Amino acid sequence: EGAVCRVMDDNDSTMTIKKLQHAARRDPMTGLYNHSAARDRSQKLLNCGEGKRYLLALMDIDNFKLANDSRGHLFGDSIIEVVAARIKDNIRSADIAARVGGDEFIVFMEYRGKAEPQIKRVFNKLCGEYDGFDITMSMGIAVSDDDGNDFDAVFKKADTAMYAVKKSKKHAYKFYDPSMDSILGGK
């Protein structure tokens, strides 16, 4: 009588699964979270963060189409990568940063005291020249105070504030206020 035995090393399978899970949550160009992953992580913080205050900054690169049209899509990709690197370099490890599409990014972070000094510092670090192109940003900010633990409500307000910036002058940031709803027809 004999026995047959098979020894399997499932470490490779486990590593492959982990790599695939990581890739599914990240933007392949920038390494930042994608929109879905950032939403999930931010929502978890909002659900568990009783007594904590959070803000969401939604931003996009001003005149990005001009960069693509005048210097090509590879140059535009370089600008996206530069902005992503500046975001990574200027937020804390607990903050959540994502590329949510095209030339739009979000940063979700806890804040204490006043939110504006944090936003002003990040905003100023994102803007600047790159290979002859002046990178400027339009940024809308919403805080979680009024909407408690609803990420989508905070995101919608940041989106409204960002479009108020784009409509008025670009290269600026604004905090959401309810008057923006009427200016933009409820966008």
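Residues numbered from 1 in each chain as written. Predicted model: local features only at pLDDT ≥ 70, side-chain atom pairs only at ≥ 80, totals over all residues. Heavy atoms only, no water.

Draft legend 1. Seen up close, the packing of helix α3 (residues 64–71) against helix α4 (residues 73–89). Across the interface, α3 lies against α4 with an axial gap of 6 Å and an inter-helix angle of 140°. Along the contact surface, α3 presents Phe64, Ala67, Asn68 and Arg71, while α4 presents His73, Phe75, Gly76, Ile79 and Ile80. Across the contact of α3 with α4, the residue classes tally to 5 nonpolar, 3 polar and 1 charged. (Axes fitted to C-alpha atoms, helices over the stretch in contact; angles between N-to-C directions. Helix = DSSP H or I, 4+ residues; strand = E, 2+ residues; numbered from the N terminus. Contact = heavy atoms within 4.5 Å. Nonpolar A, V, L, I, M, F, W, Y, C, P; charged D, E, K, R; others polar.)

Draft legend 2. Local environment of the environment of glutamate 104. Mapping glutamate 104 onto the fold places it in strand β3 (residues 104–111). In sequence terms glutamate 104 and methionine 139 are 35 residues apart; their C-alpha atoms lie 9.6 Å from each other. In this structure, glutamate 104 is in contact with Met59, Asp60, Ala98, Arg99, Met162 and Tyr163, ignoring residues within four places of it in sequence.

Draft legend 3. Up close: the sheet that holds strand β1 (residues 53–61). On the basis of which strands lie adjacent, the open sheet formed by 5 strands has the order β2-β3-β1-β6-β7 and mixed pairing. Here the strands that pair on one side only, and so sit at the sheet edges, are β2 (96–101) and β7 (172–175). Averaged over all neighbouring strand pairs, the angle between strand axes comes to 20°, with direction disregarded. Of the strands in this sheet, β1, β2 and β3 are in contact with helix α2 (residues 35–48), which crosses β2 at around 140°. Where helix α5 (residues 116–126) meets the sheet, its contacts fall on β1, β3, β6 (137–143) and β7, and the angle it forms with β7 comes to roughly 155°. (Pairing = 2+ DSSP bridges.)

Draft legend 4. Structural detail: the pattern of salt bridges. Counting across every chain of the model gives 8 salt bridges. With a closest N to O distance of 2.8 Å, arginine 39 and aspartate 152 form a salt bridge. Of this pair, arginine 39 sits in helix α2 while aspartate 152 sits in helix α6 (residues 151–168), placing them 113 residues apart in sequence. Notably, a salt bridge pairs arginine 71 with aspartate 131, separated by 3.0 Å at the nearest N-O pair. Highlighted residues: arginine 71 in helix α3 and aspartate 131 in the loop between β4 (128–130) and β5 (133–135), separated in sequence by 60 residues. Its relative accessible area of 46% is what places aspartate 131 among the partly exposed residues. Taken together, the shared-partner salt bridges connect Asp60, Asp62 and Lys166 into one network. (Salt bridge = Lys/Arg side-chain N within 4 Å of Asp/Glu carboxyl O. Buried < 20%, exposed > 50% of the residue type's maximum accessible area, 1.4 Å probe, protein only.)

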